[in-house]
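Single-letter residue listing:
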Amino acid sequence: MTLVDLEDLRAAQRRIAGTAVRTPLLPCPWAEDGGRRLWLKPESLQPTGAFKIRGATNRLAALTDEERARGVVAQSSGNHAQAVAYAARRLGIKAVIVMPDTSPAVKIENTRSFGAEVVIVTAEERDTVPAELAAAHGYVWVPPYDDPYIVAGQGTVGLEIAEDAPDELDTVLVPVSGGGLISGTAAALKLACPGVRVVGVEPELAADAQQSLRSGVRTAWPVADTYRTIADGLRTPSVGVLPFEHITAYVDDIVTVTEDEIRATVARLARRGRLVAEPSGAVAPAAYFHRAADLGGRVFAAVVSGGNLDPALLAELLAA
């Protein structure tokens, strides 16, 4: 299986220019701890509130005219949904998005606001209904992570970190769900600045990627288990086939964080970092704050992957 290379990553960077935002790498003096330093990569500042716009734009921009005319279908709990809807509207492509009934209302509403047709299904049906719709209507399937264009698009996060990072950067923390973000980001970092460690982070309640990397076998967890975490964007039962190849090749380790640590980090980022992060977006910085002994390292960058959360949940976490 062919891994994405620097040429793929730089081509993606050119395709997404003007649609995805080049987010800054923010120094966090308030997070310094015993000599450790932290920079945050706030993908929550993207037009759709999450990094997913990068991969979705890269994938849709590469479609042929015939494929664009057929329209696209995608499945997502919210962030990929919004990204595909937004990119499709900008390119004049019909988009149908399959979303589980557990998706936050704000993500469903935002997806519809970008002009997509939303189909609500059970969590168990999320990954089967898109294929049925594609077969019935001829739509092009835009997968959330198991696609080289998606991986390369998400990898532009890593290219930007490599370009903006301080010389002494030694560790980059990236959340893991289906694996598109960490795959592309790790590839970009290992190819552009060898020597930097890339560490994935996921909830303890959805630690299939950690088990997969450490065992060397791509492992799936039951939906009933992964859906226990508050981090709704990280509930995917397993990483994709292509992402697992990238993770095996480029990721140094995967650590986990607890639900309480995720909740506390959402509040901390809002109060101290002035950043609104959804629980899924808070897991990488949560590892910096709560897993120092597992990480090693002195100078960190952590990807805040998204900021799409219900205002009521944000208020609850800030009040805790």
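Rules and cut-offs
- Counting of residues starts from 1 at the beginning of each chain's written sequence and follows it residue by residue.
- Note on the predicted model: pLDDT of at least 70 is required for a residue's local features to be given, and 80 or more for side-chain atom pairs to be given and counted; whole-chain, interface and lining totals, by contrast, use all residues.
- Side-chain measures were taken over the full set of non-hydrogen atoms in the model, leaving aside hydrogen atoms and water.
- The rule for a salt bridge is simple: a side-chain nitrogen of Lys or Arg has to be within 4 Å of a carboxyl oxygen of Asp or Glu.
- The buried label goes to any residue with under 20% of its type's maximum accessible area, the exposed label to any with over 50%, and the partly exposed label to all in between, with areas taken from a 1.4 Å probe on protein chains only.
- Helix and strand definitions follow DSSP, with helices as H or I runs of at least four residues and strands as E runs of at least two, each counted in order from the N terminus.
- Geometry of aromatic contacts follows a simple scheme: Phe, Tyr and Trp rings, the Trp one being its six-membered ring, pair when their centres are within 6.5 Å, and the pair is stacked under 30 degrees between planes, edge-to-face over 60, tilted otherwise.
- The rule for a charge over a ring is simple: NZ of Lys or CZ of Arg within 6 Å of the ring centre, and within 35 degrees of the ring normal.
- Here the expected length of a helix is defined as 1.5 Å per residue gap, with one fewer gap than residues.
- Two residues qualify as a contact provided that any one of their heavy atoms is within 4.5 Å of a heavy atom in the partner residue.
- Here, any two strands with at least 2 DSSP bridges between them count as paired.
- Every axis in this analysis is a line fitted to C-alpha atoms, fitted for helices over the stretch in contact. Angles between the N-to-C directions lie between 0 and 180 degrees.
- Each angle receives one of four descriptions, namely roughly parallel if under 35 degrees, roughly antiparallel if over 145, roughly perpendicular if within 65 to 115, and oblique otherwise.
- Under the grouping applied here, Gly and all other residues not named as nonpolar or charged are polar, the nonpolar ones being Ala, Val, Leu, Ile, Met, Phe, Trp, Tyr, Cys and Pro and the charged ones Asp, Glu, Lys and Arg.
- When the strands point away from the viewer and the connection leading from the first strand across the helix to the second strand turns clockwise, the crossover is called right-handed.

## Examining the pattern of salt bridges
When the charged atoms of two side chains with opposite charge come close together, those side chains can pair.
Phase 1 of the analysis: By the definition in use, this model includes 19 salt bridges.
Phase 2 of the analysis: In this structure, R36 engages D33 in a salt bridge whose closest nitrogen and oxygen atoms are separated by 3.2 Å.
Phase 3 of the analysis: A relative accessible area of 43% means that D33 is categorised as partly exposed.
Phase 4 of the analysis: The salt bridge involving R291 is made with E204; its shortest N-O contact spans 3.7 Å. In this pair, R291 sits in the loop between α13 (279–290) and α14 (292–295) while E204 sits in the loop between β8 (197–203) and α9 (208–215), placing the two residues 87 residues apart along the sequence.

## Details of the packing of aromatic side chains
Phase 1 of the analysis: In total, this model carries 4 aromatic pairs according to the counting rule given.
Phase 2 of the analysis: Between Y288 and F300, the ring centres sit 5.3 Å apart and the planes meet at 75°, which makes this aromatic pair edge-to-face. With Y288 in helix α13 and F300 in strand β10 (residues 299–304), the pair connects residues that are 12 residues apart, well separated along the chain. Accessibility assignment for this pair places Y288 and F300 in one class, buried.
Phase 3 of the analysis: The ring of Y288 has R36 lying over it, and the distance from NZ or CZ to the ring centre is 3.9 Å.
Phase 4 of the analysis: Residue placement shows R268 over the ring face of F289; its charged tip is 3.9 Å from the ring centre.

## Quick notes on helix α12 (residues 259–271)
Phase 1 of the analysis: With 13 residues, α12 extends 19 Å between its outermost C-alpha atoms, agreeing within 8% with the 18 Å of an ideal straight helix rising 1.5 Å per residue.
Phase 2 of the analysis: If you check which residues of α12 are buried, you get E259, E261, I262, T265, V266, A267 and L269.

## Some words on the side chain of Q82
Phase 1 of the analysis: Assignment of secondary structure puts Q82 in helix α4 (residues 79–91).
Phase 2 of the analysis: For Q82, a relative accessible area of 1% corresponds to the buried category.
Phase 3 of the analysis: Dropping the residues within four chain positions of it, Q82 is found in contact with T48, K107, N110, T111, F114 and N308.

## Observations regarding the sheet that holds strand β1 (residues 26–27)
Phase 1 of the analysis: In spatial order, the strands read β1-β2-β10-β7-β8-β9; together these 6 strands make up an open sheet with mixed pairing. Single-partner strands in this sheet number two, and they are β1 and β9 (253–257).
Phase 2 of the analysis: Pairing of β8 with β9 involves 5 bridges; the strand directions are parallel. Pairing of G200 across the sheet is with I254, part of β9.
Phase 3 of the analysis: Where α12 meets the sheet, its contacts fall on β2 (37–42), β8 and β9, and the angle it forms with β9 comes to roughly 85°.

## Structural notes on the packing of α12 against helix α15 (residues 311–319)
Phase 1 of the analysis: Two elements in contact, α12 and α15, have axes whose closest approach is 8 Å; the angle formed by their N-to-C orientations is 90°. On the basis of their axis angle, the class for α12 and α15 is roughly perpendicular. Along its contact with α12, which presents R263, V266, A267, A270 and R271, the element α15 presents L314, E316, L317, L318 and A319.
Phase 2 of the analysis: Residue composition of the contact of α12 with α15, grouped by class: 7 nonpolar, no polar and 3 charged.

## Examining the pairing of β8
Phase 1 of the analysis: β8 sits mainly inside the fold: 6 of its 7 residues count as buried.
Phase 2 of the analysis: Both strand β7 (residues 171–175) and β8 contribute to a ladder of 5 bridges, which runs parallel. If you follow T171 over to β8, its bridge partner there is R197.
Phase 3 of the analysis: Regarding the hand of the β-α-β motif, the stretch spanning β7, helix α8 (residues 180–192) and β8 is right-handed.

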